[in-house]
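If you want the building blocks of each chain, they are given just below.
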Amino acid sequence: MDICLMRLSLCPGMTDLLYTEKDLVTSLKEYIRQEENRLEQVKEWADKLDSLTNTATQDPEGFLGHPVNAFKLMKRLNSEWGDLESLVLKDTTNGFISNLTMQRQFFPTEEDQTGAAKALLRLQDTYQLSANTISNGDLPGVVHKSRMTVADCFELGKIAYSEADYYHTELWMAQALTQLDEGEESTIEKVTVMDYLNYAIYQQGELERALELTKRMLKLDPNHQRANGNLKYFEFQLEKQRKAEAEKKEQEDKKREKKVLDKREAQRKRSKDPLPERKKYEKLCRGEGVKLTPRRQSRLFCRYFDNNRNPRLLLAPVKQEDEWDRPRIVRYHDIISDSEITTVKELAKPRLKRATVHDPNTGKLTTAHYRVSKSAWLSAYEHSTIEKINQRIEDVTDLEMDTAEELQVANYGVGGQYEPHFDFGRKDEPDAFKELGTGNRIATWLFYMSDVSAGGATVFPDVGAAVWPKKGTAVFWYNLFASGEGDYSTRHAACPVLVGNKWVSNKWIHERGQEFRRPCAMSEME
């Protein structure tokens, strides 16, 4: 080695190489200085995310059960990681970039982020939550409280704006502005938030508020082009409005109070007219409007049930509880074990996909905007647990399972819901289940495979009934009268999950094979 070193030291041009290397070291130090600045930004991001992900992965379902956490996860992966990628792409280190580029194919899309935002807005409406309540993370039953930043609120408002939903645009831009006014630091400028807020207010017909906000914008940015244009337009429109009011002085109060009067008129109409189904559904989801009187409640009982001495139930009768009288809805307690639930979930998870509904026109399965969940279908031959579950349902209901549909497993995450619907095919849907060849859906059996921290009830808007999820229980009702006619009072819905994660599985039982198990009745409504 010494000889080799001596020879190298004497080679022509080696001195020049030393100076070349010194120049390279100088360049490297400059590169390091620049990279340290960049990496400091990356480190801050990594430290923040390290703490967050450590907390989140200790209880993934609980963490994602909070709708704000779910929305912010979508936002981070869809938007913020892209910004980080741009920052790191300037680095010559290819390992992280190649890995990130490869993983991006699994990242949520713009559509996914929009879906998460819409779910948050749906929860806000259904459970009558203020933007401030959601932003602060003050939701019932939360474990992993998460606060929304100005940027989060602004992004939610922008998504509502892109959907021409100016009501929610106003709510969330106003929340973003409030947080900025309170001193929260953000890269989002006040004037930008106010620009969106101003347009949303104007679109809702509140000209005076729009003008006041425009003046506030111009105090912050006197040269704001759109605000200057809006100032002249709003002033012109208001002057025009005042002249019209002067010409019809007797209507001055009416016009000035038009918005209030409209609200009062709407309230008056609501008090006279039957409550729309959507409102009934939302009230029941909040635990309001349940129509079970004390007298009717006194007729509901709990009992041990062996279904006329069924051999499998004689030594271990099931716990049956009356949940509702008309239609009759019963709940069975401790009807599925934790180990069975785990097996069902593990079988279903690899094949979960967007839930479908029967198209009444084609009789085929299709996705629908009013059903937001993921589902999978499990057959009895796939696992002995599914076979045991099917047998248990047959023992308790005394209905034939061979013609029933496969066990459907559904997972409702943040905002997951199934709006009011019938399980059975109506007379105007003669081909609803034609391809199955097993007749109409005579009954529904629904397992609750998880507790839900908040929301997620099964409600029946027409009768004012609400059934709340309880892990290990199942509810059962007939969709058809014994005559074969549909029971329209069984129209029901799955309320949005506010906090938590809802797992259910259901068995839709069909008419074919029940001829001697549930004989037809002569009366249509019997």
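Residues numbered from 1 in each chain as written. Predicted model: local features only at pLDDT ≥ 70, side-chain atom pairs only at ≥ 80, totals over all residues. Heavy atoms only, no water.

- If you look the protein chain up in an unreviewed UniProt entry, it shows as procollagen-proline 4-dioxygenase from Cyprinus carpio.
- Word for word, the UniProt comment on the protein chain under Sequence similarities (unreviewed entry) is "Belongs to the P4HA family."
- Entered under Function (unreviewed entry) in the UniProt record, the comment concerning the protein chain runs "Catalyzes the post-translational formation of 4-hydroxyproline in -Xaa-Pro-Gly- sequences in collagens and other proteins." (UniProt positions renumbered as here; feature names shortened; annotations may be inferred.)

Quick notes on the overall build of the protein chain
Next up, step 1: Helices and strands together make up the secondary structure of the protein chain, namely 18 helices and 18 strands.
Next up, step 2: Expressed as a percentage of the 526 residues in the protein chain, the buried residues total 45%.
Next up, step 3: Considering only intrachain contacts with a sequence separation of at least 6, the fraction spanning at least 24 residues in the protein chain is 72%. (Helix = DSSP H or I, 4+ residues; strand = E, 2+ residues; numbered from the N terminus. Buried < 20%, exposed > 50% of the residue type's maximum accessible area, 1.4 Å probe, protein only. Contact = heavy atoms within 4.5 Å.)

Points about the side chain of Thr169
Next up, step 1: Relative to the elements of secondary structure, Thr169 occurs in helix α9 (residues 166–181).
Next up, step 2: Its relative accessible area of 0% is what places Thr169 among the buried residues.

Considering the nonpolar core
Next up, step 1: Met148, Leu156, Trp172, Val193, Val459 and Leu498 are the most contacted members of the largest nonpolar core, which totals 51 residues.
Next up, step 2: Once you skip the residues sitting within four places of it in the chain, Val459 turns out to touch Tyr281, Leu284, Cys285, Ala465, Ala466, Arg491, His492, Ala493 and Cys495. (Core = buried A, V, L, I, M, F, W, Y, C linked by side-chain atoms within 4.5 Å.)

Focus: the state of the cysteines
Here a disulfide denotes one covalent bond, and it connects the sulfur atoms of two cysteines.
Next up, step 1: Here the structure, examined in full by the defined rule, presents one disulfide.
Next up, step 2: At a sulfur-sulfur separation of 2.0 Å, the disulfide partner of Cys285 is Cys495. Judged by the sign of its S-S torsion, about -90°, the cystine formed by Cys285 and Cys495 is left-handed. Of this pair, Cys285 sits in helix α15 (residues 277–285) while Cys495 sits in the loop between β16 (492–494) and β17 (497–499), placing them 210 residues apart in sequence. Neither Cys285 nor Cys495 differs from the other in exposure class; each is buried. (Disulfide = S-S within 2.5 Å.)

So, the pairing of strand β9 (residues 407–412)
Each regular strand carries side chains that alternate between the two faces of the sheet.
Next up, step 1: Burial of β9 is extensive: six of the six residues sit out of reach of the surface.
Next up, step 2: Burial along β9 is two-sided: Leu407, Val409 and Asn411 and Gln408, Ala410 and Tyr412, pointing in opposite directions, are all buried.
Next up, step 3: Sheet topology note: the β9/strand β18 (residues 502–510) ladder contains five bridges and is antiparallel. Its bridge partner lying in β18, Tyr412 is registered against Lys502. (Pairing = 2+ DSSP bridges.)

Section: the pattern of salt bridges
Next up, step 1: Tallied over the entire structure, the rule returns 33 salt bridges.
Next up, step 2: Residue Glu394 pairs with Arg517 through a salt bridge whose shortest N-O separation is 3.3 Å. Highlighted residues: Glu394 in helix α18 (residues 384–397) and Arg517 in the segment after β18, separated in sequence by 123 residues.
Next up, step 3: Accessibility expressed as a relative area gives 16% for Glu394, which makes it buried.
Next up, step 4: When salt bridges with common partners are traced through the structure, they connect Lys72, Lys75, Glu80 and Asp152 into a single cluster. (Salt bridge = Lys/Arg side-chain N within 4 Å of Asp/Glu carboxyl O.)

Comments concerning helix α10 (residues 190–203)
Next up, step 1: Between its first and last C-alpha atoms α10 spans 20 Å; for 14 residues at 1.5 Å apiece the expected length is 20 Å, and the two agree.
Next up, step 2: Where α10 is concerned, the buried positions are Val191, Val193, Met194, Asp195, Leu197, Asn198, Ala200 and Ile201.
Next up, step 3: Those residues of α10 hidden inside the fold are in contact with α8 (150–162), α9, α11 (207–220) and α12 (225–247).
Next up, step 4: Positive phi shows up at Gly205, right after α10, with a value of about 85°. (Expected span 1.5 Å × (residues − 1).)

Observations concerning the sheet that holds strand β8 (residues 374–378)
Next up, step 1: Taken together, the nine strands give an open sheet; going across it, the order is β1-β2-β3-β15-β11-β18-β9-β8-β4, and neighbouring strands pair in antiparallel fashion. Among the strands making up the open sheet, the edge pair consists of β1 (302–305) and β4 (353–354).
Next up, step 2: Bridging between strand β11 (residues 441–448) and β18 involves seven bridges; their strand directions are antiparallel. Across the sheet, the residue bridging to Thr444 is Trp508, located in β18.
Next up, step 3: Helix α17 (residues 338–348) contacts β8, β9 and β18 of the sheet and is inclined by roughly 105° relative to β8.
Next up, step 4: α18 contacts β1, β2 (318–324), β3 (329–333), β8, β9, β11, β15 (473–478) and β18 of the sheet and is inclined by roughly 120° relative to β11. (Axes fitted to C-alpha atoms, helices over the stretch in contact; angles between N-to-C directions.)

Regarding the side chain of Thr114
Next up, step 1: Structurally, Thr114 can be placed in helix α6 (residues 110–126).
Next up, step 2: Setting aside residues no more than four positions away along its own chain, Thr114 makes contact with Ile159 and Glu163.

Points about the packing of α6 against α9
Next up, step 1: Contact pair α6 / α9: the axes reach a minimum separation of 12 Å and the direction vectors enclose 90°. If you check the angle between α6 and α9, you find them roughly perpendicular. Residues Leu121, Gln124 and Asp125 of α6 form the contact with α9, whose own contacting residues are Tyr167, His168, Leu171 and Trp172. (Parallel < 35°, antiparallel > 145°, perpendicular 65-115°, else oblique.)

Observations regarding the UniProt feature "repeat: TPR" (unreviewed entry) in the protein chain
Next up, step 1: The UniProt feature table records "repeat: TPR" (unreviewed entry) at residues 191–224.
Next up, step 2: Between the C-alpha atoms that bound residues 191–224 there is a distance of 9 Å. The span itself is 79% helix and 0% strand.

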